[in-house]
Each structure stands twice: as C-alpha cells, then as structure tokens.
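Spelled out from the first residue to the last, the chains are:
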Amino acid sequence: MNPDVAAAIPRLVEAGALPPAVAPRLLRVARGELLSVHWELRALLYLGVLLVTGGVGLLVKENLDRIGPVAIAVVIGLAAAAALAWVFRVAPPFSWREVPSPNLAFDYMLLLGVLLAAADLAYVEVKFTPLGTDWSWHLLIVALFAGLAAFRFDSRIVFSLALSTFAAWRGVSAARFGTDLWFRDGGAAVRWNAVACGALFALLGFALKRTDRKAHFEPAAVTLGWLLILGGLASGMGERGAWASWALALLVSGGALAAGAFYVRRFPLFAFGVVASYAALSRLALGSFGGDQLGCFWFFITPIPVIVALFLAQRRMNRTEEGA
C-alpha cells in the first residue's frame with residue numbers, strides 16, 4: 001500500500017489532471033488491492049507451448065504404428081497451420097519499428113505454430129528422408145522460416161529461436177563435415193563455427209540498431225552472439241596443447257566485452273565478460289602453477305572479489321541511468 005499516492009489521486013481528479021474514470025482503478029492499485037499477474041501468465045503460456053510440443057512428441061511415439069507416419073505428418077502440419085492462421089488473422093500490419101502484440105497469447109501462438117511446423121519437418125525428414133544425407137539442411141530451413149516469422153510478426157521469442165536454430169545447423173554441419181574440409185577434428189570445427197556464428201549475430205544486432213530496423217531485436221542477437229563467442233573460446237581451454245592460447249583469447253575477449261558493456265551500461269554483457277575473464281584467469285593460474293596445490297585456495301578466495309565487483313558495477317550503472 002502507498003498512502004501518499006492514494007491521497008494524491010482525489011486531488012489530481014479535482015485539479016483535472018486525471019480522468020475520473022481512471023481514478024478508481026488507480027486507487028485500488030495504490031491500496032494494494034490489484035496485483036499484476038502479467039509475467040505469471042506469460043510463464044504459464046510458455047509452459048503451455050512446451051507441454052503441447054512435448055505432448056505431440058509423446059503422441060507420435062505411442063501411436064506411430066496405429067496411426068501411420070503419413071497421418072501423423074498431416075495432423076501435425078494441420079495443427080501448425082491452424083496456429084499460424086490465427087496469428088495471421090489477428091496480426092497488426094508489418095512495421096520495421098516495434099509493434100505491440102494484439103493480445104497476450106499472440107507471441108506464444110506464433111511460437112507454437114513455428115515449433116509444430118519445425119517438428120513436422122523433422123518428422124518428415126526422419127521417416128521419408130527427402131533430403132537424404134543432407135538432412136541437417138532442414139535446420140537451416142527452420143531457422144529461415146522462424147526468422148521471417150519473427151520479423152513479420154515482431155516476435156523476439158521467435159527471433160531467438162531462429163538464431164539458436166541457425167547456430168545448431170552450423171554446429172551439426174561442422175561436426176559432420178568439418179573433418180573433411182578444414183579441420184583435423186570435429187571439435188575444432190564446432191568451436192570455430194560457434195565463434196563465427198557469435199560474431200555474425202553480434203554484427204547483425206549492431207546492424208539492426210544502426211539502421212533502426214527492428215532495433216529492439218538487438219539485445220537478443222548480441223547476447224546470444226557473445227555467449228557463442230565466449231563459449232567457443234572457453235571450450236578450447238580443454239585442449240592439452242593449445243589451452244593457454246585459448247585462455248588468453250578468452251581473457252582478452254572477456255575483458256574487452258566487460259569494458260565496452262560497462263561504458264554503455266549493459267550489465268548482463270558486463271557480467272558475461274567478467275565471468276569469462278575470471279574463468280580464463282583461473283585456467284591460466286591453475287595450469288601454470290599446479291591445480292592440486294593452488295586450486296583449493298584459488299576457488300575459496302577469488303570468487304569473493306568477483307562477486308563484489310559485479311555488485312558494485314551494477315549499483316554504479318543503476319545510479320548512472322537514474323542520473324541520465
């Protein structure tokens with residue numbers, strides 16, 4: 001309850017600064033009688049989408065022999081088409097700027113339709129193998145389809161799905177074919193593809209923001225991009241011969257990310273950079289001075305200043321934003 005706000009509302013109505021029709025609702029909010037359940041409903045809708053897609057997989061598994069692959073493919077396709085048809089019917093006109101969703105369920109129905117279409121394509125590929133040995137290309141098809149749907153219907157959830165599916169396509173392709181083309185082992189191919197995809201996503205986010213076209217998609221692209229870059233570099237620290245080079249690369253990249261994110265007040269990216277730098281520094285310290293002797297003391301003492309630094313940096317960024 002906020003008594004100051006509750007007392008100010010009647011005075012604002014008398015002064016003509018607040019419409020009388022709005023006052024009763026605001027009074028209930030100020031008195032704590034109304035609580036928003038917006039995020040809880042979004043979580044339930046997202047859980048519902050996951051349950052429906054999981055239920056489709058269970059239905060296919062339990063009834064494949066009785067229903068038949070053709071009927072299952074048709075039913076899943078019709079379900080996807082129904083969800084997407086509803087989205088088309090209620091969707092607002094396309095715009096390069098941010099477009100508010102017409103209702104709370106809009107993004108999740110779109111996500112359900114895209115996931116069902118992707119599941120149907122994967123099922124057709126497994127049962128009828130239209131792509132043959134090039135089956136991994138269906139991931140690229142799904143990524144392009146999800147990307148088009150994300151831009152058309154202004155959905156950051158589906159945009160994130162498109163990026164992650166594209167990264168999965170590159171990872172699967174690298175694991176299968178990387179040893180034959182550029183790398184001696186599939187692990188190096190997957191690692192370099194992760195770094196390349198991360199750089200591509202970060203550049204995509206920069207381009208979207210710079211051109212002011214779906215600029216609100218930029219955080220999703222940049223965040224996933226840096227996660228792929230840092231994850232790819234971190235995976236190289238497990239190699240026996242070149243681990244130090246990968247650790248140095250991770251230390252430099254994480255430090256640069258932390259510095260840049262602190263300057264532009266992007267705390268999640270700053271935290272990614274700090275954690276990546278700490279992981280690289282830990283690997284260098286333990287690898288250079290012996291993990292058995294130093295490890296216990298290192299991980300007992302060093303996390304404390306890292307946590308304190310993150311806490312102080314967040315407070316500093318919050319104060320800077322409030323003063324801006």
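Up top is the structure.
Residues numbered from 1 in each chain as written. Predicted model: local features only at pLDDT ≥ 70, side-chain atom pairs only at ≥ 80, totals over all residues. Heavy atoms only, no water.

## Focus on the overall build of the chain
- Check the secondary structure of the chain and you find 13 helices and zero strands.
- Starting at the N terminus, the α and β elements of the chain follow one another as α-α-α-α-α-α-α-α-α-α-α-α-α.
- Burial statistics for the chain: of 324 residues in total, 35% are counted as buried.
- Looking at the chain alone, contacts between residues at least 24 apart form 63% of all its contacts between residues at least 6 apart.
- When the accessible surface of the chain is split by element, carbon and sulfur atoms take 68% of a total near 19000 Å². (Helix = DSSP H or I, 4+ residues; strand = E, 2+ residues; numbered from the N terminus. Buried < 20%, exposed > 50% of the residue type's maximum accessible area, 1.4 Å probe, protein only. Contact = heavy atoms within 4.5 Å. Areas by Shrake-Rupley, 256 points an atom, 1.4 Å probe, with all protein chains shown as cover.)

## Focus on the packing of helix 4 (residues 69–90) against helix 5 (residues 106–128)
- Where helix 4 meets helix 5, the closest approach of the two axes is 8 Å, and the angle between their N-to-C directions is 155°. With respect to each other, helix 4 and helix 5 are oriented roughly antiparallel. The crossing of helix 4 and helix 5 is left-handed.
- Split by residue class, the contact of helix 4 with helix 5 holds 21 nonpolar, two polar and two charged. (Axes fitted to C-alpha atoms, helices over the stretch in contact; angles between N-to-C directions. Parallel < 35°, antiparallel > 145°, perpendicular 65-115°, else oblique. Left-handed = near helix turned anticlockwise from the far one by under 90°. Nonpolar A, V, L, I, M, F, W, Y, C, P; charged D, E, K, R; others polar.)

## Some words on helix 9 (residues 218–235)
- Across its 18 residues, helix 9 extends 26 Å between first and last C-alpha, which sits within 8% of the 26 Å expected from 1.5 Å per residue.
- If you check which residues of helix 9 are buried, you get Glu-218, Ala-221, Val-222, Gly-225, Leu-228, Ile-229, Leu-230, Gly-232 and Leu-233. (Expected span 1.5 Å × (residues − 1).)

## Concerning the nonpolar core
- Ranked by internal contacts, the top residues of the largest apolar core, which has 35 residues, are Leu-110, Val-114, Phe-153, Val-158 and Phe-159.
- Elements with a minimum of two residues in this core: helix 3 (38–67), helix 4, helix 5, helix 6 (137–153), helix 7 (156–181), helix 8 (186–211) and helix 9. (Core = buried A, V, L, I, M, F, W, Y, C linked by side-chain atoms within 4.5 Å.)

## A few points about a nonpolar patch on the surface
- A cluster of nonpolar side chains, Leu-41, Leu-44, Tyr-46, Leu-47, Leu-50 and Leu-51, forms an exposed patch at the surface whose accessible area comes to about 570 Å².
- For Leu-50, the position within the fold is in helix 3. (Patch = residues over 30% accessible without salt bridge, like charges linked within 9 Å, V, L, I, M, F, W, Y side chains within 5 Å. Salt bridge = Lys/Arg side-chain N within 4 Å of Asp/Glu carboxyl O.)

## Points about the side chain of Ser-173
- In this fold, Ser-173 is placed in helix 7.
- A polar side-chain atom of Ser-173 sits 2.9 Å from the main-chain carbonyl oxygen of Trp-169. (Polar contact = N/O pair within 3.5 Å; in protein donor to acceptor, adjacent residues only side chain to side chain.)

## Quick look at the pattern of salt bridges
- Applying the stated criterion to the full structure yields five salt bridges.
- The closest approach of N and O atoms between Arg-97 and Asp-212, which form a salt bridge, is 3.1 Å. With Arg-97 in the loop between helix 4 and helix 5 and Asp-212 in the loop between helix 8 and helix 9, this residue pair connects regions lying 115 residues apart in the sequence.
- With its nearest N and O atoms 2.7 Å apart, the salt bridge here joins Glu-239 to Arg-191. Of this pair, Glu-239 sits in the loop between helix 9 and helix 10 (243–264) while Arg-191 sits in helix 8, and the two are 48 residues apart along the sequence.

## Focus on the environment of Phe-166
- Here Phe-166 is to be found in helix 7.
- A sequence separation of 19 residues divides Phe-166 from Gly-147, and the C-alpha atoms of the two residues are 9.6 Å apart.
- Beyond its immediate chain neighbours, meaning those up to four positions away, Phe-166 contacts Leu-140, Ala-143, Cys-197, Leu-200 and Phe-201.

## Quick word on the packing of aromatic side chains
- For the structure on display, the rule yields 13 aromatic pairs.
- Between Phe-94 and Trp-96 the ring centres are 5.2 Å apart and the planes differ by 75°, which places this aromatic pair in the edge-to-face class.
- Classification of Phe-94 as partly exposed rests on a relative accessible area of 39%.
- Centroid distance Phe-159 to Phe-217: 4.6 Å. Interplanar angle 25°. Geometry classified as stacked. Taken as a pair, Phe-159 in helix 7 and Phe-217 in the loop between helix 8 and helix 9 lie far apart in primary sequence, 58 residues in all.
- On the basis of relative accessibility, which here comes to 0%, the residue Phe-217 falls in the buried class.
- Three or more aromatic residues joined by ring pairs form one cluster here, namely Phe-94, Trp-96, Phe-151, Phe-159 and Phe-217.
- Across the ring face of Trp-246, the terminal group of Arg-191 is positioned such that the distance to the ring centre comes to 5.3 Å.
- Between the NZ or CZ atom of Arg-283 and the centre of the ring of Trp-243, over which it lies, the distance is 4.1 Å. (Phe/Tyr/Trp six-rings, centres within 6.5 Å; stacked < 30°, edge-to-face > 60°. Lys NZ or Arg CZ within 6 Å of the ring centre and 35° of its normal.)

## Quick look at the environment of Ala-150
- Inspection of the secondary structure assignment puts Ala-150 in helix 6.
- The exposure class of Ala-150 is buried, given its relative accessible area of 0%.
- Taking the C-alpha atoms as reference, Ala-150 lies 9.6 Å from Phe-217; in sequence the two are 67 residues apart.
- Ignoring any residue separated from it by four or fewer positions in sequence, one finds Ala-150 in contact with Ser-155, Val-158, Phe-159 and Phe-217.

## Side note on the packing of helix 10 against helix 11 (residues 267–289)
- For the pair helix 10 and helix 11, the least separation of the axes is 7 Å and the interaxial angle reads 155°. Compared by their axis directions, helix 10 and helix 11 come out roughly antiparallel. When you trace helix 10 past helix 11, the crossing you get is left-handed. Across from Trp-243, Ala-244, Ala-247, Leu-248, Leu-250, Leu-251, Gly-254, Gly-255, Leu-257, Ala-258, Ala-261 and Phe-262 in helix 10, the residues of helix 11 making contact are Leu-269, Phe-270, Phe-272, Gly-273, Val-274, Ala-276, Ser-277, Ala-280, Arg-283, Leu-284, Gly-287 and Ser-288.
- Classifying every residue of the contact of helix 10 with helix 11 gives 17 nonpolar, six polar and one charged.

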